[in-house]
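# Residue-level structure breakdown
Chain by chain, the residues run as shown.
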Amino acid sequence: MTNPVPPADPVAVVTGAAQGIGAAVCGALLAEGWRVAALDLQPPVPPALADLAARHQGRCSYHQADVADRAALQAALDEATRALGPPIGGVANAGTWRDARLHRMTDEAWDEVVRVDLTSAFLLTRALWPAMKDAGFGRLVYVSSIAKDGNVGQANYAAAKAGLVGLGRTAADEGAPVGVTANIICPGVIETPAQADFRARAPAAFEAFLAQVPMGRAGSPADVAAVVRFLYSPDAGYVTGQTIYVDGGLS
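First things first, this report covers the structure right here in the doc. (Residues numbered from 1 in each chain as written. Predicted model: local features only at pLDDT ≥ 70, side-chain atom pairs only at ≥ 80, totals over all residues. Heavy atoms only, no water.)

## Quick look at the pattern of salt bridges
Opposite charge on two side chains makes pairing possible when the charged atoms of those side chains draw close. The criterion, for reference: Each salt bridge in this description consists of a side-chain nitrogen of Lys or Arg and a carboxyl oxygen of Asp or Glu lying within 4 Å of one another. Under the scheme used here, helices are H or I runs from DSSP no shorter than 4 residues and strands are E runs no shorter than 2 residues, and both carry numbers assigned from the N terminus. Accessible area is worked out with a 1.4 Å probe on protein chains only. A residue is then buried under 20% of its type maximum, exposed over 50%, and partly exposed in between.
Applying the stated criterion across every chain, the model contains ten salt bridges. Note that Asp9 and Arg59 form a salt bridge whose closest N and O atoms lie 3.3 Å from each other. Residue Asp9 is found in the segment before strand 1 (11-15), and its partner Arg59 is found in the loop between helix 2 (47-55) and strand 3 (60-64); the two are separated by 50 residues along the sequence. We classify Asp9 as partly exposed; its relative accessible area is 40%. With a closest N to O distance of 3.0 Å, Arg199 and Glu191 form a salt bridge. Residue Glu191 is classed as partly exposed on the basis of its relative accessible area, which comes to 38%.

As structure tokens, then:
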């Protein structure tokens, strides 16, 4: 039995697409031959995505939405379907952070991080499932983190990112019979706006963290996007349920 073949001009949805890893993933998938619906909370069209849309006429659309809100997500997916066609791929990259030690963490900080980082990925998966099943083909990638194993001051973030592993492996199990693959990527120290914020708030702690990376440097969003591109390629048709670290050896 051969790997399922995608339909012509397949469409993928990328959440948290305005900048950093999300924007790089959009570019990588466009280069792989996918059309891309980019979703983010940020208005108006972010510069990185405006540039991509200009260079890939008719193949990239931007939709502003709170992807952790079911109705808003569905409205954005409906817009994307009208613009590009029914999506059969998803990259769950939306994320936020509200760091605090356990005894200081508020209910709001816990709920918001779990809502954005984990619940949004579930909502995206559920929304895309019928079209993927009908197509007999689908690709799902969940952007987790090395913090999934626990990190001081990030109980909410670690729990949400660990939840993505469980969600992704379950999607792999349920998707395998219908041609859907699902994999998880765990980035390490990547030069993103979140890392820039960490560096600005605690430069000494950031440098100490970076010093633990065997390769001795931070990675780039392109490093993560390259793995997503592979997982969306025909070469990855037999790869599913895997947790892949992009961390310079830190894990």
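## What to know about the side chain of Arg139
Spelled out, the test is: In this tally Asp and Glu are treated as negative and Lys and Arg as positive; neither His nor the chain ends contributes. Contacts are assigned to residue pairs with any non-hydrogen atoms lying within 4.5 Å of each other.
With respect to the helices and strands, the residue Arg139 is situated in strand 5 (residues 138-143). One buried charged side chain, Arg139, makes no salt bridge at all; its nearest oppositely charged neighbour is Glu32, positioned 8.8 Å away. Discounting chain neighbours no more than four positions away, the residues touching Arg139 are Trp34, Ile88, Gly89, Gly90, Met132, Gly179, Thr181, Leu231, Tyr232, Ser233, Ala236 and Gly237.

## Quick word on the sheet that holds strand 3
Inclusion rule: Should DSSP find at least two bridges between two strands, the strands are regarded as paired. Note on definitions: angles span 0 to 180 degrees between N-to-C directions of axes, and those axes are lines fitted to C-alpha atoms, for helices only across the stretch in contact.
Judged by pairing direction, the sheet is parallel, and its seven strands sit side by side in the order 3-2-1-4-5-6-7 without closing on themselves. Looking at which strands have only one partner, the edges of the open sheet turn out to be strand 3 and strand 7 (243-246). Shown here is a sheet whose adjacent strand axes are inclined to one another by a mean of 20 degrees, direction ignored. Direction of pairing for strand 1 relative to strand 4 (residues 89-92): parallel, over a ladder of three bridges. From the neighbouring strand, Val13 faces strand 4, where its bridge partner is Gly90. Packed on one face of the sheet, helix 8 (residues 221-231) meets strand 4, strand 5, strand 6 (180-187) and strand 7 and runs near 165 degrees to strand 6.

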